[in-house]
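What follows is the residue order along each chain.
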Amino acid sequence: MKKGRMFYKIFIPILILGIGLVISFGGYIYLTTIHSVIDRVADSKKSLITQIKNTLEQKIKTIEYAFNTYSTTNSFSEVIKNPITERDFEAYRDINSQLNYIASMGMDGVEYSLISLVKDWQISNGRLSYLTEDGKKKLSESYIGNQSNSLFWIKTDTGIRFVNTLPVFSQTKQAIALSDISLQSLQHTLQTEENTPVYLLNRQGDLLYESDSAPSLTGAELNRITETAGNMSQTGSVVLDKEKHQEVTAIYAKSSYNNWIYVTLLNKQEIADALKTTRFGLFMMVLVITLLIVVVAYVIAVYFNKPIQKIQRRLSGSTQPALKDEIDWIISSIDDILMEKESLEDLLESELPQLETQFILNLFRSRITAEELDHNMSRFGYSLTQGTVYATMLIQLDNYGERQASDKDLLLVAVNRLVEELVPDSRRMTPILLNDRTQATILIFEEGSGPGSRKQVLEDAKRIVITVRDILKLSVSVGISDFYADLTFSKEACEMSKQALHHRLNLGKESIIFYEDISRVISGPVLLHYPAELESQLFDAIRLGDEEQVSRALYPMLGEMMKHSKNPLNFEVMLIRFVNNLIQLEQLIGVEVLLTEDNYALYHRLLDIRNPEEIERILVKEVIQPMVAAMKEKTTRQFRGLSDQIANIVRTEYDQDLSLELIGERLHYSPNYLSSIFKKEFGLTFSEYVMGYRLQMAKKWLVETEMTIKEIAERLQYHNPQNFIRSFRKKEHVTPGAYRALRQDK
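Given the structure is predicted, the values throughout are model-derived calculations rather than measurements. (Residues numbered from 1 in each chain as written. Predicted model: local features only at pLDDT ≥ 70, side-chain atom pairs only at ≥ 80, totals over all residues. Heavy atoms only, no water.)

## Here we look at the overall build of the protein chain
Turning to step 1, where the next piece is worked out: Helix and strand counts for the protein chain come out as 27 helices and 16 strands.
Turning to step 2, where the next piece is worked out: When contacts within the protein chain are restricted to residue pairs at least 6 apart in sequence, those whose partners lie at least 24 apart make up 60%.
Turning to step 3, where the next piece is worked out: Split by element, the accessible area of the protein chain, about 42800 Å² in all, is 52% carbon and sulfur. (Helix = DSSP H or I, 4+ residues; strand = E, 2+ residues; numbered from the N terminus. Contact = heavy atoms within 4.5 Å. Areas by Shrake-Rupley, 256 points an atom, 1.4 Å probe, with all protein chains shown as cover.)

And the structure:
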């Protein structure tokens, strides 16, 4: 099927965006993987070179310590000053034994030599030889005269030589100890991983050792490593530029003992080459996801293009709509629909009065939501400002004059028309007939509910009453609600006006009655502001014995009662209701406060007091707080009793199968409730308490009886003795058998 232009407008951007995101994320994942692998390998190399340093350094320290210790002994002083010959077998054997001992403590494959500068002899690898004057002079010049330290290392053709001039802390050197470490020994000690290059530099940057697999480093590179290690921390890395644009990093660890620098290499290009498989897998993943995006883009384009095609077919009435420029064609069709809509709106405009009448009827029936209210107010042309208030005015016929009762509907229509004429449009909504007895009008006051608004309502009502009397020869009465700021309150306002009209029987015909004037004598519905929700919160807090929650609910409730009682009668009625509810509450929870002899005259005391603070004090101190205290004590007593029952069951039935479910069935309480009160009283969970008591019994049996550990475990309901042993060891830090042995020893 041939695709339209809209299809490609959806398909191509999705395809480009999807492929771009896939390539970007794929590249990001690849680069992140390479860097992560390099960092991980670098950390591993750093740990390896540090481990090599510590290993070699420990062996070197051992050799130094052995020679230094030996040089401080009396036998060393005696043997150095002894001119050993082939006949001095004992002295030779002692020296050779000492060298063998040092060899056993140090590295394998090391040749140890001791040279006496006093008697000109040398023992090396068990062989005794004598020094010539030239040899002795050369040794003194090389190892003593030209050296500032008594301990130093030099590189030899076969490895590294450790030179220790003895005694260590004496200016007069009597002997020289040599330790020749061969390249094979260094290779064995330093080469812990195969094909890992390792370099060893002294503090001056001279290369003492490099492994067989290590590429050669130039002098400049060695100097750079030495300079960096001297300025930086004990471990670090130096980037070296090698041939073929390969970046090589030298990872070093510097010894704080002799300032040697241990170096290994990290070739990032080798790591990247090792990730070829990863690159191939990532490429295949990107390729698969790209193909998937092509499919998804096609499906999405088809999915979103279908509604457009359906709209096009629906608008054209044809099963084969045009395939190009679908949007332009649809817009053209919509323009035609809008023209038809305008003609329909003109038709609806003529029906607006009926719709507005129904809207106001729905207001009085509370069938309008806040969203619908905003829409309809602008729809019917009411432009309201901030601070606008309303009042509902109801008019009822006092009599029919010279007409019959059957003319009642006609008379109400006439009254409704007069209201439309007498009250300007800007100060009212459309007057309506509320029912077959009442005409209703919602009055609008943009200046608020001040004295001026009340005066205006009174003038409008008087004018209506007089005009109806003069023109229709009828008498009507008017009921006016309180002012209100929210039109969704219109139903309550209508009820106020009805209540006001009820009093025309006492006031006579042609009465104009404000609800505000008669509200103080109305019973029942007058108590519109009784704080029932706050009372419910207060009573819940009393049931729980929660003093803090009682305070949070009580004082706001008393404040609401006093705030909305502008006359004494209303407050007295609410006060009596509150005390009655308190009496019912204490009967329900089973406490006696209000029904005691001290409070039998509480009604009279509260009604006689005119001081709000005194009323508050009596209610708080003499009623509410005693009820809370009694309920708290009752709750605490109940919790303690139940907790003691549970604990007693555990102490008597510890060797049986115990659970809160079984105890709950026995005591007729839910397990969750028993768990919460037990934890509150004992500070332990039920299972912790059972385990603790069973372990107490286990300790007693281990000491006082000959029962085996398996028998004790089975009796304490451990199905596996190992579980019992683990629990006992976790609690007592010893096994049951060890505990029994310790106690029996005492």
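## Description of the side chain of Lys53
Turning to step 1, where the next piece is worked out: Mapped onto the elements of the fold, Lys53 is located in helix α1 (residues 5-71).
Turning to step 2, where the next piece is worked out: For the buried residue Lys53, which engages in no salt bridge, the nearest side chain bearing the opposite charge is Glu57, 4.2 Å off.
Turning to step 3, where the next piece is worked out: Excluding residues within four positions of it along the chain, Lys53 makes contact with Ala253, Lys254, Ser255 and Tyr262. (Buried < 20%, exposed > 50% of the residue type's maximum accessible area, 1.4 Å probe, protein only. Lys, Arg positive; Asp, Glu negative; His and termini not counted. Salt bridge = Lys/Arg side-chain N within 4 Å of Asp/Glu carboxyl O.)

## Details of the sheet that holds strand β1 (residues 110-116)
Turning to step 1, where the next piece is worked out: Strands sit in the order β3-β2-β1-β6-β5-β4 across an open sheet of six strands; the sheet is antiparallel. The open sheet is flanked by β3 (127-130) and β4 (151-155), the only strands paired with a single partner. Sheet twist, expressed as the mean angle between neighbouring strand axes with direction ignored, is 20 degrees.
Turning to step 2, where the next piece is worked out: Judged from the five bridges that link them, β4 and strand β5 (residues 159-166) form a sheet pairing that is antiparallel. Bridging across to β5, Ile154 finds its partner in Arg161.
Turning to step 3, where the next piece is worked out: Those strands touched by helix α5 (residues 183-190) are β1, β5 and β6 (175-182), and its axis lies near 65 degrees from that of β6. (Pairing = 2+ DSSP bridges. Axes fitted to C-alpha atoms, helices over the stretch in contact; angles between N-to-C directions.)

## So, the nonpolar core
Turning to step 1, where the next piece is worked out: Core analysis: the biggest nonpolar cluster contains 50 residues, and Leu56, Ile95, Leu114, Leu190, Leu200, Trp260 and Tyr262 have the highest contact counts within it.
Turning to step 2, where the next piece is worked out: Sort the elements by how many residues they give to this core and α1 lands first, with 13 residues.
Turning to step 3, where the next piece is worked out: Those residues in contact with Leu56 that lie beyond four places of it in its chain are Met107, Leu186, Thr189, Leu190, Leu200, Trp260 and Tyr262.
Turning to step 4, where the next piece is worked out: Judged by nonpolar contacts, the second largest core, of 32 residues, contains Ile649, Val690, Met697 and Tyr739. (Core = buried A, V, L, I, M, F, W, Y, C linked by side-chain atoms within 4.5 Å.)

## Comments concerning the confidence of the model for the protein chain
Turning to step 1, where the next piece is worked out: Put simply, the protein chain has an average pLDDT of 79, and 87% of its residues get 70 or more.
Turning to step 2, where the next piece is worked out: Averaged pLDDT values for the elements of the protein chain fall to 54 in helix α15 (residues 504-507) and rise to 92 in strand β13 (residues 432-433).
Turning to step 3, where the next piece is worked out: Within the model, the stretch residues 523-528 combines pLDDT values under 50 with nine contacts to residues more than four positions away or in other chains. (pLDDT = per-residue confidence, 0-100.)

## Focus on the sheet that holds strand β15 (residues 476-480)
Backbone-to-backbone hydrogen bonds pair the strands of a sheet. The strands run either parallel or antiparallel.
Turning to step 1, where the next piece is worked out: One open sheet holds the five strands; their spatial order is β13-β14-β12-β15-β16, and the pairing between them is mixed. Edge positions in the sheet fall to β13 and β16 (512-514), since each has one partner strand and no second.
Turning to step 2, where the next piece is worked out: In terms of strand pairing, strand β12 (residues 389-397) meets strand β14 (residues 438-445) through eight bridges, oriented antiparallel. Directly across from Leu394, in β14, lies its bridge partner Ala440.
Turning to step 3, where the next piece is worked out: Helix α12 (residues 408-422) contacts β12, β13 and β14 of the sheet and is inclined by roughly 145 degrees relative to β12.

## Re the pairing of strand β2 (residues 121-124)
Turning to step 1, where the next piece is worked out: Where burial is concerned, the two faces of β2 agree: the one with Trp121 and Ile123 and the one with Gln122 and Ser124 are both buried.
Turning to step 2, where the next piece is worked out: The turn linking β1 back onto β2 is made up of four residues, and Asp120 within it adopts a positive phi angle of 60 degrees.
Turning to step 3, where the next piece is worked out: Sheet topology note: the β2/β3 ladder contains four bridges and is antiparallel. Bridged to Gln122 within β3 is Ser129.

## Looking at the pattern of salt bridges
Turning to step 1, where the next piece is worked out: Applying the stated criterion to the full structure yields 14 salt bridges.
Turning to step 2, where the next piece is worked out: Arg161 is paired through a salt bridge with Asp180; the nearest N and O atoms lie 2.5 Å apart. Of this pair, Arg161 sits in strand β5 while Asp180 sits in strand β6, and the two are 19 residues apart along the sequence.
Turning to step 3, where the next piece is worked out: For Asp180, a relative accessible area of 14% puts it in the buried group.

## Regarding the packing of α1 against helix α3 (residues 89-105)
Turning to step 1, where the next piece is worked out: For the pair α1 and α3, interaxial distance at closest approach is 9 Å and the crossing angle is 155 degrees. It follows that α1 is roughly antiparallel to α3 by the angle criterion. Seen from above, α1 lies across α3 with right-handed handedness. Between α1 and α3, the residues in contact are Thr62, Ala66, Phe67 and Tyr70 and Ile95, Gln98, Leu99, Ile102 and Met105, respectively.
Turning to step 2, where the next piece is worked out: Classifying every residue of the contact of α1 with α3 gives seven nonpolar, two polar and no charged. (Parallel < 35°, antiparallel > 145°, perpendicular 65-115°, else oblique. Left-handed = near helix turned anticlockwise from the far one by under 90°. Nonpolar A, V, L, I, M, F, W, Y, C, P; charged D, E, K, R; others polar.)

## Observations regarding the packing of aromatic side chains
Turning to step 1, where the next piece is worked out: Here the structure, examined in full by the defined rule, presents 16 aromatic pairs.
Turning to step 2, where the next piece is worked out: Note on Phe678 and Phe682: the rings are 4.7 Å apart at their centroids and 25 degrees apart in plane angle, and the pair reads as stacked. A residue pair is termed a helical-turn pair when its members lie 3 or 4 positions apart in one helix, as Phe678 and Phe682 do in helix α23 (residues 671-682) at four residues.
Turning to step 3, where the next piece is worked out: Under the relative-accessibility criterion, Phe678 is labelled buried at 0%.
Turning to step 4, where the next piece is worked out: Judged by relative accessible area, which is 27%, Phe682 ranks as partly exposed.
Turning to step 5, where the next piece is worked out: Taken together, the ring pairs connect Phe678, Phe682, Phe686 and Tyr689 into an aromatic cluster.
Turning to step 6, where the next piece is worked out: Across from the ring centre of Phe514, 4.1 Å away, lies the NZ or CZ of Arg454, which sits over that ring. (Phe/Tyr/Trp six-rings, centres within 6.5 Å; stacked < 30°, edge-to-face > 60°. Lys NZ or Arg CZ within 6 Å of the ring centre and 35° of its normal.)

## Some details on the environment of Gly219
Turning to step 1, where the next piece is worked out: Inspection of the secondary structure puts Gly219 in helix α6 (residues 219-231).
Turning to step 2, where the next piece is worked out: As a C-alpha pair, Gly219 and Gly205 span 14 residues in sequence and 8.9 Å in three-dimensional space.

## A look at helix α10 (residues 352-364)
Each turn of an α-helix holds 3.6 residues, which means side chains three or four residues apart point in the same direction.
Turning to step 1, where the next piece is worked out: The end-to-end C-alpha separation of α10 is 19 Å, in line with the 18 Å expected for 13 residues at 1.5 Å each.
Turning to step 2, where the next piece is worked out: For α10, the full list of buried residues reads Leu352, Glu356, Phe359, Ile360, Leu361, Asn362, Leu363 and Phe364.
Turning to step 3, where the next piece is worked out: Residue Ser366 follows α10 closely and has a positive phi angle near 55 degrees. (Expected span 1.5 Å × (residues − 1).)

## Observations regarding the environment of Pro531
Turning to step 1, where the next piece is worked out: With respect to the element layout, Pro531 can be found in the loop between α16 (515-518) and α17 (532-544).
Turning to step 2, where the next piece is worked out: Sequence separation between Pro531 and Leu558 is 27 residues; the distance between their C-alpha atoms is 8.7 Å.
Turning to step 3, where the next piece is worked out: Contacts of Pro531, omitting those with residues within four sequence positions, involve Met557, Glu560 and Met561.

## So, a nonpolar patch on the surface
Turning to step 1, where the next piece is worked out: A cluster of nonpolar side chains, contributed by Leu17, Leu21, Phe25, Tyr28, Ile29, Met285 and Ile289, occupies part of the molecular surface with about 680 Å² of accessible area.
Turning to step 2, where the next piece is worked out: Contributions of two or more residues to the nonpolar patch are made by α1 and α8 (276-316).
Turning to step 3, where the next piece is worked out: With five residues, α1 is the largest single contributor of residues to the nonpolar patch.
Turning to step 4, where the next piece is worked out: Looking at the secondary structure, you find Met285 in helix α8. (Patch = residues over 30% accessible without salt bridge, like charges linked within 9 Å, V, L, I, M, F, W, Y side chains within 5 Å.)

## Let's talk about the pairing of strand β7 (residues 198-201)
Turning to step 1, where the next piece is worked out: Every second residue of β7 is oriented toward a common face, with Val198 and Leu200 on one face and Tyr199 and Leu201 on the other, all of them buried.
Turning to step 2, where the next piece is worked out: Where β7 and strand β8 (residues 207-210) come together, three bridges link them in antiparallel fashion. Paired with Tyr199 across the two strands is Glu210, which belongs to β8.
Turning to step 3, where the next piece is worked out: Hairpin geometry of β7 and β8 is characterised by an intervening segment of five residues between the two adjacent antiparallel strands and by a positive phi of about 95 degrees at Gly205.

## Topic: the side chain of Ser453
Turning to step 1, where the next piece is worked out: With respect to the helices and strands, the residue Ser453 is situated in helix α13 (residues 451-472).
Turning to step 2, where the next piece is worked out: Among residues more than four places away in sequence, those in contact with Ser453 are Phe445, Glu447, Gly448 and Phe483.

## Topic: the environment of Tyr739
Turning to step 1, where the next piece is worked out: Mapped onto the elements, Tyr739 comes out in helix α27 (residues 736-745).
Turning to step 2, where the next piece is worked out: Here the alpha-carbon distance between Tyr739 and Val703, two residues 36 residues apart in the chain, equals 8.5 Å.
Turning to step 3, where the next piece is worked out: Contact partners of Tyr739, with chain neighbours within four places excluded, come to Lys699, Leu702, Val703, Phe728 and Val734.

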